[in-house]
Amino acid sequence: MQNKVVLITGGAGGIGQAAAKEFLDNGASVVLVDLNEDALNAAKENLGSDNIHLITADVTNEEDVERYVQETVEKYEKIDIFFNNAGINGPFTPIKDLEKKQFDLVMAINTTGVFLGMKHVIRQMEKQGYGSIVNTASNAAYIGSAGMPAYIASKHAVAGLTKTAALEAAESQIRVNAVAPAAIDTNMLKDIQNNLSPDAPEQSGEAIKAGIPFGRFGTPEEVAKVVYFLASDNASFVTGSLYNVDGGMQAD
Ligand SMILES: NC(=O)C1=CN([C@@H]2O[C@H](COP(=O)(O)OP(=O)(O)OC[C@H]3O[C@@H](n4cnc5c(N)ncnc54)[C@H](O)[C@@H]3O)[C@@H](O)[C@H]2O)C=CC1
Ligand SMILES: CC(=O)C(C)=O
């Protein structure tokens, strides 16, 4: 990863930061994009490297997306790897009670954000004649889940966008893959536990673990290692794939 430039959205979050650490430890320069400026500054301090550039941006806003791509290229002249990862879980509300604006927000961040990121990064990577993109899907890309309609729809869409982008970008030697994690120990999972059982989040945590063959949550570092593999030349003939990082959930 020496001299590689890695652009990460949702870079201040649990999985984004773990991925940043993996790439930094292996010699890359990293650009972290996130909506939360304070969390970005905290991430930089936490990661403790000079090879980090921060950009505050909203992945749902196309002008922001163009700006984060342009600023990265102005600073580093290229984008070798794009980890298109920002996301939210959204409300726990069945379809019949879900407000359109709640549905739209989850779709805007998790799906439109991924689409816009790929749109502008692929344009840059086409100029370079190479590149590797890893989107963050989820176990939610395969299954239904009562009470999480927007999240489930948004991640199914990420799977479809990943395969489609892989086909469109193949002739430019750009690879596009996705990770499909489940139950990774980050703020998002804490929020899910709090929503499922506000008075006893540890109980919903145990219930989630009971559905995982490995019987535990995954760590952000375990996702980061798969992202690193997919982004690297070790995966040079891998494109259009979804890689499960789920302790065996999809096998069940
Ligand atoms: N934690 C889990 O169990 C799983 C997480 N995922 C996915 O992993 C990705 C990362 O999530 P985590 O690190 O777990 O959560 P997190 O909540 O720690 O990180 C998400 C980050 O995305 C940022 N973000 C939210 N909206 C944004 C916007 N409009 N523009 C820019 N940045 C925005 C947040 O500020 C936050 O820093 C998400 O796409 C999530 O859906 C997928 C499967 C399982
Ligand atoms: C948030 C998510 O995608 C899970 C728990 O699989």
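Residues numbered from 1 in each chain as written. Chains lettered and ligands numbered in written order. Predicted model: local features only at pLDDT ≥ 70, side-chain atom pairs only at ≥ 80, totals over all residues. Heavy atoms only, no water.

As a reminder, the rule being used: UniProt positions are given in the numbering used here, feature names are shortened, and annotations may be inferred rather than shown by experiment.
Named according to an unreviewed UniProt entry, the chain is Diacetyl reductase [(S)-acetoin forming] originating from Jeotgalicoccus coquinae. Here the chain is described in UniProt, under the heading Function (unreviewed entry), as follows: "Catalyzes the irreversible reduction of 2,3-butanediol to (S)-acetoin in the presence of NADH."

A look at the site of ligand 2
Cut-off, in case you're wondering: Here a residue counts as near a molecule or strand whenever at least one of its heavy atoms sits within 4 Å of it. Pairs of N or O atoms are called polar contacts if they sit within 3.5 Å, as long as, within protein, a hydrogen donor faces a hydrogen acceptor (for residues adjacent in sequence, only side-chain-to-side-chain pairs). Residue exposure ignores everything except the shown protein chains as possible cover, and the areas themselves are Shrake-Rupley values with a 1.4 Å probe.
Around ligand 2, the neighbouring residues are Ser138, Tyr151, Pro181, Ala182, Ala183, Met188 and Ile192. Note that an oxygen atom of ligand 2 is positioned 2.7 Å from one of the side-chain N or O atoms of Ser138. A distance of 2.7 Å separates an oxygen atom of ligand 2 from a polar side-chain atom of Tyr151. Expressed as a share of its isolated accessible area of 220 Å², the protein-covered part of ligand 2 is 78%.

Remarks on the sheet that holds strand 3 (residues 52-56)
Strand pairing in a sheet is mediated by backbone hydrogen bonds. Such pairs are either parallel or antiparallel. What counts is decided by this rule: Strands pair, by our definition, only if DSSP identifies at least two bridges between them. Helix and strand assignments come from DSSP, with helices taken as H or I runs of at least 4 residues and strands as E runs of at least 2, each series counted from the N terminus. Geometry is summarised by axes, namely lines fitted to C-alpha atoms with helices restricted to the contacting stretch, and by angles between N-to-C directions that run from 0 to 180 degrees.
Sheet architecture is open: seven strands sit in the order 3-2-1-4-5-6-7, paired in parallel fashion. Two strands in the sheet have a free side with no partner beyond their single neighbour: strand 3 and strand 7 (242-245). Mean inter-strand twist for the sheet, computed between neighbouring axes without regard to direction, equals 20°. Pairing geometry for strand 1 (residues 5-9) and strand 2 (residues 29-34), over five bridges, is parallel. From the neighbouring strand, Leu7 faces strand 2, where its bridge partner is Val31.

A short note on the site of ligand 1
Which entries qualify depends on this criterion: Residues are grouped as follows: Ala, Val, Leu, Ile, Met, Phe, Trp, Tyr, Cys and Pro are nonpolar; Asp, Glu, Lys and Arg are charged; every other residue, Gly included, is polar.
Close to ligand 1 lie 26 residues, the nearest being Asp34, Asn85, Tyr151, Ile184 and Thr186. One of the backbone nitrogen or oxygen atoms of Val59 is found 3.0 Å away from a nitrogen atom of ligand 1. Burial of ligand 1 by the surrounding chains reaches 91%, relative to a free accessible area of 820 Å². When grouped by side-chain class, the residues that make up the shell around ligand 1 number 14 nonpolar, nine polar and three charged.

A short note on unusual backbone geometry
With the exception of glycine, most residues fall at negative phi, and the peptide bonds are largely trans. Look at Glu77: it is not a glycine, yet its phi comes out positive at around 75°. Position of Glu77 among the secondary structure elements: in the loop between helix 3 (62-76) and strand 4 (81-84). Phi is positive for Ala183, close to 50°, though the residue is something other than glycine. Within the fold, Ala183 resides in the loop between strand 6 (174-181) and helix 6 (187-196).

Digging into the environment of Pro198
Basically, it comes down to this: Buried, partly exposed and exposed residues are distinguished by accessible area as a fraction of the type maximum, computed with a 1.4 Å probe on protein chains only: under 20%, between the cut-offs, and over 50%, respectively.
Examined against the element boundaries, Pro198 turns out to sit in the loop between helix 6 and helix 7 (201-210). Pro198 gets classed as exposed once you look at its relative accessible area, which sits at 60%. Expressed as a C-alpha distance, the spacing of Pro198 and Gly131, which sit 67 residues apart in the sequence, is 43 Å.

Structural notes on the packing of helix 4 (residues 100-128) against helix 5 (residues 149-169)
To describe two helices that pack against each other, one gives the angle between their axes and the distance between the axes. The following threshold applies: Angles are sorted into four bins: roughly parallel if under 35 degrees, roughly antiparallel if over 145, roughly perpendicular if 65 to 115, and oblique for all others. Handedness of a helix crossing follows the sense of rotation of the near helix relative to the far helix, less than a right angle counterclockwise being left-handed and clockwise being right-handed. In this analysis, two residues are considered to be in contact whenever any of their non-hydrogen atoms come within 4.5 Å of each other.
For the pair helix 4 and helix 5, the least separation of the axes is 7 Å and the interaxial angle reads 15°. Taken as axis vectors, helix 4 and helix 5 run roughly parallel relative to one another. For the element pair helix 4 and helix 5, the recorded crossing hand is right-handed. Of the residues in helix 5, those touching helix 4 at Phe103, Val106, Met107, Asn110, Thr111, Val114, Phe115, Met118 and Ile122 are Pro149, Ala150, Tyr151, Ala153, Ser154, Lys155, Ala157, Val158, Leu161 and Ala165. Of the residues that constitute the contact of helix 4 with helix 5, the class distribution is 15 nonpolar, three polar and one charged.

A closer look at the pairing of strand 1
Inclusion rule: By the criterion used throughout, a crossover qualifies as right-handed when its path from the first strand across the helix to the second strand runs clockwise, the strands pointing away from the viewer.
Within strand 1, five of the five residues are buried, which leaves it mostly tucked inside the rest of the structure. Covered by surrounding structure in strand 1 are Val5, Leu7 and Thr9 together with Val6 and Ile8, the residues of both alternating faces. In the classification by handedness, the crossover that spans strand 1, the intervening helix 1 (residues 14-25) and the parallel strand 2 is right-handed. The pairing of strand 1 with strand 4 spans three bridges and is parallel. Paired with Ile8 across the bridge in strand 4 is Phe83.

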